[in-house]
Amino acid sequence: MDKLKKTRLRNWIQVFFVALIGLIAINKGLTEMGTNIPFISDASLHALCPFGGVVTLYNIFTLGTFISKIHASAMILMGIVFVLTLLFGPVFCGWVCPLGSIQEWIGKLGKKIFKSKYNHFVPQKIDHVLRYLRYVILVMVIIVTARSGYLMFADVDPYNALFTFWYEDVSVKALIVLALTLGLSLFIERPWCKYACPYGGLLGLFNPIRFFKIKRNPTTCISCNRCDHSCPMNIEISTKGDVKSLSCISCLECTSEFSCPVEDTVTLQMGQFSSTAKKEAKDEN
C-alpha cells in the first residue's frame, strides 16, 4: 500500500468516527422527539465519553459512587482506550477523536492561507509552557468533580458542544470554547489537543512507556526534516531516537509510511532497529 493510500485510510477512519458520533448525537435528539434513525444507537454523548470514565473511576475509589450522568459504558470505553494507548500510544487522539479531526481539517485551510508560517505563530518558549496547561486542567477537573459528584468539565467541553450545539440546554461556555478552538485551528494545528485537552494529556503520559514506539534510525536518516514539518504537535522528530514526547498523538504522519522519504527510517515498532539494517546503511555510505 503506497503512502497516498495510507494517508487516505487515516482520513477515512477520521471521517467515519466524526459521522458516527454525529449520527448518534442526532439520533438521541430524534428519539426524544419520538422518532429515530434505524440501526444507529441513541446513546447520549455522556455514555460515549471515555474521559467521564476516568473521573468516575476516581470517584468510585474515593466515594464508591458514579459521577452524575456518566454511564458504565464510559468506563468500558476508557478501558479499551487505555489498552490501545499502552500498546500504540494515543491513537484515540490521532485517529478517532472527532474534535481532533475537525481541528485538523480546519488546519488544512490555515496551511493554504499562511503557508510555512502556519503552526508557528506561538513562540517556542511560550509553546513549551502552554503544553503544561492541559495537566493543570486535568488535575482541576478530577479534584472538583470528585468533590461535587458532577463532571465539571461538561460545562466547558468543546467535544460535547460540537455535537449538541443545536440543543437548547447546551452550555454557552462550551460553545465559546468550541468557537475559540475552531478559530485558533486556522493558525495553530490542533490547539485544543496541544494546550487544553485533559484527556489527551492523560493519554500522553503513556508515551514514554508504550510498547510500540515511534523510532528514528539515525544511520539511515538523511536529515531532510520532513518528519518535523509533518508533525501536528511540533515535535522535533529529527533530533530523537525514540519519540517519548507527552504531546505525541500517534498520528504516524512523521513515519516512513506517511512522510519520511527513506524506507524503515521513522517507524512504529517494538525494540530497536536491527544491527543488520545499521550495517547495510553504513555499507551504502
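Residues numbered from 1 in each chain as written. Predicted model: local features only at pLDDT ≥ 70, side-chain atom pairs only at ≥ 80, totals over all residues. Heavy atoms only, no water.

**Q** Outline the environment of Lys-3, supporting the account with residue identities and numerical values.
**A** For Lys-3, the position within the fold is in helix 1 (residues 3–32). Contacts of Lys-3, omitting those with residues within four sequence positions, involve Ser-256, Glu-257, Phe-258, Ser-259, Cys-260 and Pro-261. (Helix = DSSP H or I, 4+ residues; strand = E, 2+ residues; numbered from the N terminus. Contact = heavy atoms within 4.5 Å.)

**Q** Let's hear about the pattern of salt bridges: which residues, and what values?
**A** For the structure on display, the rule yields six salt bridges. Across the salt bridge formed by Glu-104 and Arg-10, the nearest N and O atoms sit 2.9 Å from each other. Remark: Arg-10 occurs in helix 1 and Glu-104 occurs in helix 5 (residues 98–114); sequence separation between them is 94 residues. For the pair Glu-104 and Arg-10, a shared accessibility class is recorded, and that class is buried. A salt bridge links Glu-189 to Lys-111; its shortest N-O distance comes to 3.8 Å. Here Lys-111 lies in helix 5 and Glu-189 lies in the loop between helix 9 (172–184) and helix 10 (191–195), a separation of 78 residues in the sequence. (Salt bridge = Lys/Arg side-chain N within 4 Å of Asp/Glu carboxyl O. Buried < 20%, exposed > 50% of the residue type's maximum accessible area, 1.4 Å probe, protein only.)

**Q** Would you mind going over the packing of aromatic side chains in detail, with residue names and values included?
**A** Between two aromatic rings, the relevant description is the distance of the centres plus the angle of the planes. Within this structure, the stated rule accounts for nine aromatic pairs. Ring geometry for Phe-121 against Phe-187: centres 5.7 Å apart, planes inclined by 80°, an arrangement best described as edge-to-face. Of this pair, Phe-121 sits in the loop between helix 5 and helix 6 (124–130) while Phe-187 is found in the loop between helix 9 and helix 10, placing the two residues 66 residues apart along the sequence. On the basis of relative accessibility, which here comes to 33%, the residue Phe-121 falls in the partly exposed class. By relative accessible area, which is 34% here, Phe-187 ends up partly exposed. (Phe/Tyr/Trp six-rings, centres within 6.5 Å; stacked < 30°, edge-to-face > 60°.)

**Q** Tell me about helix 9, residues and numbers included.
**A** When the terminal C-alpha atoms of helix 9 are compared, their 18 Å separation across 13 residues agrees well with the 18 Å that a helix rising 1.5 Å per residue should span. Taken as a whole, helix 9 has its buried residues at Ala-174, Val-177, Leu-178 and Thr-181. In an axial view of helix 9, the angular spread of the buried residues amounts to 100°, which keeps them on one side of the axis. Seen from the buried face of helix 9, the exposed residues on the opposite side, beyond 90 degrees, are Val-172 and Leu-180. Among the residues of helix 9, the N-terminal cap falls to Ser-171, whose side-chain oxygen and the backbone nitrogen of Lys-173 are separated by 3.2 Å. (Expected span 1.5 Å × (residues − 1). Arc of directions from axis to C-beta. Polar contact = N/O pair within 3.5 Å; in protein donor to acceptor, adjacent residues only side chain to side chain.)

**Q** I'd like a description of the environment of Phe-88, backed by residues and values.
**A** Here Phe-88 shows up in helix 3 (residues 72–88). Take Phe-88: its relative accessible area is 29%, and that puts it in the partly exposed class. Considered as a pair, Phe-88 and Asn-207 are 119 residues apart in the sequence and their alpha carbons are 8.4 Å apart. Excluding residues that lie within four positions of it along the chain, Phe-88 makes contacts with Arg-210, Phe-212, Ser-250 and Leu-268.

**Q** Account for the nonpolar core, with residues named and values stated.
**A** Side chains that are nonpolar tend, in soluble globular proteins, to be buried together. If you look at the biggest cluster of nonpolar residues, it comprises 42 residues, and the most contacted ones within it are Leu-99, Trp-192, Ile-214, Ile-235 and Ile-237. The set of elements that each furnish at least two residues to this core consists of helix 1, helix 4 (91–96), helix 5, helix 8 (158–162), helix 9, helix 10 and helix 11 (198–204). Apart from residues no more than four positions distant in its own chain, Ile-214 is found in contact with Gly-241, Asp-242, Val-243, Cys-248, Leu-252, Cys-254, Thr-255, Val-266, Thr-267 and Leu-268. (Core = buried A, V, L, I, M, F, W, Y, C linked by side-chain atoms within 4.5 Å.)

**Q** Kindly report on a nonpolar patch on the surface, identifying the contributing residues and their values.
**A** On the surface, a cluster of nonpolar side chains totalling about 530 Å² of accessible area is made up of Val-83, Leu-86, Leu-87, Ile-209, Phe-211 and Met-270. Topologically, Phe-211 is positioned in the loop between helix 11 and strand 1 (213–216). (Patch = residues over 30% accessible without salt bridge, like charges linked within 9 Å, V, L, I, M, F, W, Y side chains within 5 Å. Areas by Shrake-Rupley, 256 points an atom, 1.4 Å probe, with all protein chains shown as cover.)

**Q** Got a sec to walk through the state of the cysteines? Specific residues and values, please.
**A** Chemically, a disulfide is nothing more than a covalent bond linking the sulfur atoms of two cysteines. Per the stated rule, a full pass over the model turns up zero disulfides. There is no disulfide at Cys-197, and the cysteine sulfur nearest it, in Cys-93, is 6.2 Å away. Given a relative accessible area of 17%, Cys-197 falls into the buried group. In this model Cys-251 remains outside any disulfide bridge; the closest cysteine sulfur is found in Cys-231, 6.1 Å from its own. (Disulfide = S-S within 2.5 Å.)

**Q** Explain helix 5 to me, and be specific about the residues and the numbers.
**A** Its 17 residues place the ends of helix 5 24 Å apart at the C-alpha level, agreeing with the 24 Å of an ideal helix rising 1.5 Å per residue. By the burial criterion, the buried members of helix 5 are Pro-98, Leu-99, Gly-100, Ser-101, Ile-102, Gln-103, Glu-104, Gly-107 and Gly-110. Taken from the residues just after helix 5, Lys-115 is the one with a positive phi, measuring 55°.

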